[in-house]
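Structural overview
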Amino acid sequence: MPTSLPRRAGGAVTTALLAATMVTALSHTATAADGTLGSAAAAKGRYFGTAVAANHLGESAYAGTLDREFNAVTPENEMKWDATEPTRNTFTFTAADQIAGHAQSQGMKLRGHTLVWHSQLPSWVSGLGASDLRTAMNNHITQVMQHYKGKIYAWDVVNEAFQDGSSGARRSSPFQDKLGNGFIEEAFRTARTADPDAKLCYNDYNTDGVNAKSNAVYTMVKDFKSRGVPIDCVGFQSHFNNDSPVPADYQANLQRFADLGVDVQITELDIEGSGTTQADNYTNVVKACLAVTRCTGITVWGITDKYSWRAGGTPLLFDSNYNKKPAYTAVLTTLGGSSGGGTPTPGGATCTATYSKQEEWSDRFNGQVTITAGSSPISGWSTTVTVTSPQKISTTWNGTPTWDGSGNVMTMRPNGNGSLAAGTSTSFGFTVMKNGSSTAPVIGACTVS
Ligand code: XIL
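The notes below deal with the structure included here.

What follows is about the sheet that holds strand β13 (residues 392-397). Taken in spatial order, the four strands of this open sheet run β10-β11-β16-β13, and their pairing is antiparallel. One side of each edge strand has no neighbouring strand; the edge strands of this open sheet are β10 (351-360) and β13. Each strand axis lies, on average, 25° off the axis of its neighbour in the sheet, ignoring direction. Taken together, the five bridges between β13 and strand β16 (residues 425-433) define a ladder with antiparallel strand orientation. When the sheet's bridge partners are listed, T396 is paired in β16 with F430.

Enumeration according to the criterion identifies 17 aromatic pairs in this entry. Judged by centre distance (6.0 Å) and plane angle (70°), the ring pair of F188 and F224 falls under edge-to-face. A residue pair is termed long-range when its members are at least 10 positions apart, and F188 in helix α10 (residues 182-194) and F224 in helix α11 (residues 212-227) qualify at 36 residues. Within the aromatic cluster, the residues linked to one another by ring pairs are W81, W124, F175 and F183. The ring of Y218 has R256 sitting right over it, with the charged end atom 4.7 Å from the ring centre.

Before going further, it helps to examine the site of the ligand. Close to the ligand lie 13 residues; E76, K80, H113, E268 and W301 are nearest. The side chain of N77 places a nitrogen or oxygen atom 3.0 Å from an oxygen atom of the ligand. Taking H113, its side chain carries an N or O atom lying 2.6 Å from an oxygen atom of the ligand. Coverage of the ligand by the protein chains reaches 78% of its 410 Å² of free accessible surface. Considered class by class, the residues forming the shell around the ligand number three nonpolar, six polar and four charged.

On to the pairing of strand β6 (residues 233-236), then. The two faces of β6 match: C233 and G235 on one face and V234 and F236 on the other face are all buried. For strand β5 (residues 199-204) and β6, the ladder comprises four bridges, and the chain directions are parallel. Looking across to β6, one finds that C201 is bridged to C233. Following the backbone out of β5, through α11 and into the adjacent parallel β6, one traces a crossover that is right-handed.

The next thing to look at is the nonpolar core. By size, the foremost hydrophobic cluster in this structure holds 93 residues, and its most contacted members are F48, W155, V158, F188 and L317. Grouped together as the second largest cluster of nonpolar side chains are 23 residues, F365, I378, W381 and V385 included.

On to the packing of helix α12 (residues 250-258) against helix α13 (residues 275-291). Axes are the key here: two packed helices are described by the angle between their axes and the distance separating the axes. Remark: α12 packs on α13, axes separated minimally by 9 Å, with the N-to-C direction vectors making an angle of 30°. Classed by the angle they form, the pair α12 and α13 counts as roughly parallel. Along this stretch, α12 crosses α13, giving a crossing that reads as right-handed. The residues of α13 that touch α12, namely those facing Y250, Q251, L254 and Q255, are V285, A288, C289 and A291.

Working definition: two side chains of opposite charge can pair if their charged atoms are close together. Under the criterion given, the structure shown has 19 salt bridges. Among the salt bridges present, the one from R310 reaches D270, with a minimum N-O distance of 2.9 Å. With a gap of 40 residues between them, R310 in the loop between β9 (295-300) and α14 (326-334) and D270 in strand β8 (residues 263-271) connect regions that are remote in the sequence. A salt bridge links R364 to D363; the shortest N-O distance between them is 3.1 Å. Taking relative accessible area as the criterion, R364 reaches 28% and is therefore assigned partly exposed. For D363, a relative accessible area of 33% puts it in the partly exposed group. Each member of the salt-bridge network shares a partner with another, and the members are E185, R189, D223 and R227.

Rules and cut-offs
Residues numbered from 1 in each chain as written. Predicted model: local features only at pLDDT ≥ 70, side-chain atom pairs only at ≥ 80, totals over all residues. Heavy atoms only, no water. Pairing = 2+ DSSP bridges. Helix = DSSP H or I, 4+ residues; strand = E, 2+ residues; numbered from the N terminus. Axes fitted to C-alpha atoms, helices over the stretch in contact; angles between N-to-C directions. Phe/Tyr/Trp six-rings, centres within 6.5 Å; stacked < 30°, edge-to-face > 60°. Lys NZ or Arg CZ within 6 Å of the ring centre and 35° of its normal. Near = heavy atom within 4 Å. Polar contact = N/O pair within 3.5 Å; in protein donor to acceptor, adjacent residues only side chain to side chain. Areas by Shrake-Rupley, 256 points an atom, 1.4 Å probe, with all protein chains shown as cover. Nonpolar A, V, L, I, M, F, W, Y, C, P; charged D, E, K, R; others polar. Buried < 20%, exposed > 50% of the residue type's maximum accessible area, 1.4 Å probe, protein only. Right-handed = clockwise from strand over helix to strand, strands pointing away. Core = buried A, V, L, I, M, F, W, Y, C linked by side-chain atoms within 4.5 Å. Parallel < 35°, antiparallel > 145°, perpendicular 65-115°, else oblique. Left-handed = near helix turned anticlockwise from the far one by under 90°. Contact = heavy atoms within 4.5 Å. Salt bridge = Lys/Arg side-chain N within 4 Å of Asp/Glu carboxyl O.

Just geometry here; none of it tells us what the structure is for.
In structure tokens, the structure reads:
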């Protein structure tokens, strides 16, 4: 039971627990839930999201990590213009619907990304004359927003409309060049009519600190607010690396936008690097959001380094085998969650589960999970091992497994007496039949029982 407790705030399982009169267990439930990014953020009144690509949802480690850790989703490419209206007036929503359906079934928030952007724009749009382009833009906004009406928490209505550098000017694009400055206002007004319940955001990069570009966006938002142009939020993409580090005035910049009366969101966070340097940078970003009341959530631009759009920079929280990186622990801890996957019990006892690969053959490999008690003794433990279909676990040793319906998720408990003295360890093992895939299994948090 404890391993299947809700990892996100809210939900039906809490009710089921109450019905089972395990009232004393409720307080542990709340603590256990804070062992994931989404639930720790929820405890701070925020969401923790990730960009998702529809074509990876069939990979069980991908979907398993998504469902365990995140409570908001942004389609990485599937809602962009080239994906949703590749030909004029022919709308294709299959891939985006897959993500929307997944988010909905998991109770996750969905961010819409993005309606009007110069990039990933089909060539038929760039070829239009001004009046046709205006019609096409408003039709695109209306059709896409109406399709997702009621399902989207916030839309990036306009993306990246300003130039980099010191000019503070608008970026050249078919929209800017043919419709002029007014296209942004027009897009927001059309969006409000199409789905009045979605929050409407302006989203950009290199606007994370106070600089000429963010000043220009600030001036626009201030103008919109003063004239009643509908805008609810500003997204800060926050793609960082050595050339574009987390700015020292990041929090101050978020705050000055929030003070205009809009929500602020960190929308595409990734930070190239590794180890403690990367972890410290992530910590600073999370701290800044927590310090700004109207910073309503953080979205990282992908789950695993394996599929990052800048995979070479290993910018995400899970490595390419879905192991938690130091940056993950830093984010979780900064959000106030429990670190190391430990699940505190009333007595404060914790345990951790760590994975290592053992022997490997062409058709199979052995995995070992080491369970270590924290600073208090424990009398039992459990953890999950999730393999990626078509892999199958064929054998296990030194533990008692149970399986979910798919056969991909194994919950392992001790054989007999599961007591461990403080700081001591035990291990269990298993053989994974590869069936063509060498992907490492995903190990869930260790739960004390
Ligand atoms: C990126 C995706 O991650 C890539 O898969 C795609 O090839 C290009 O676009 N700013 C944005 C995002 O607003 O939509 C971009 O996403 C990254 C930069």
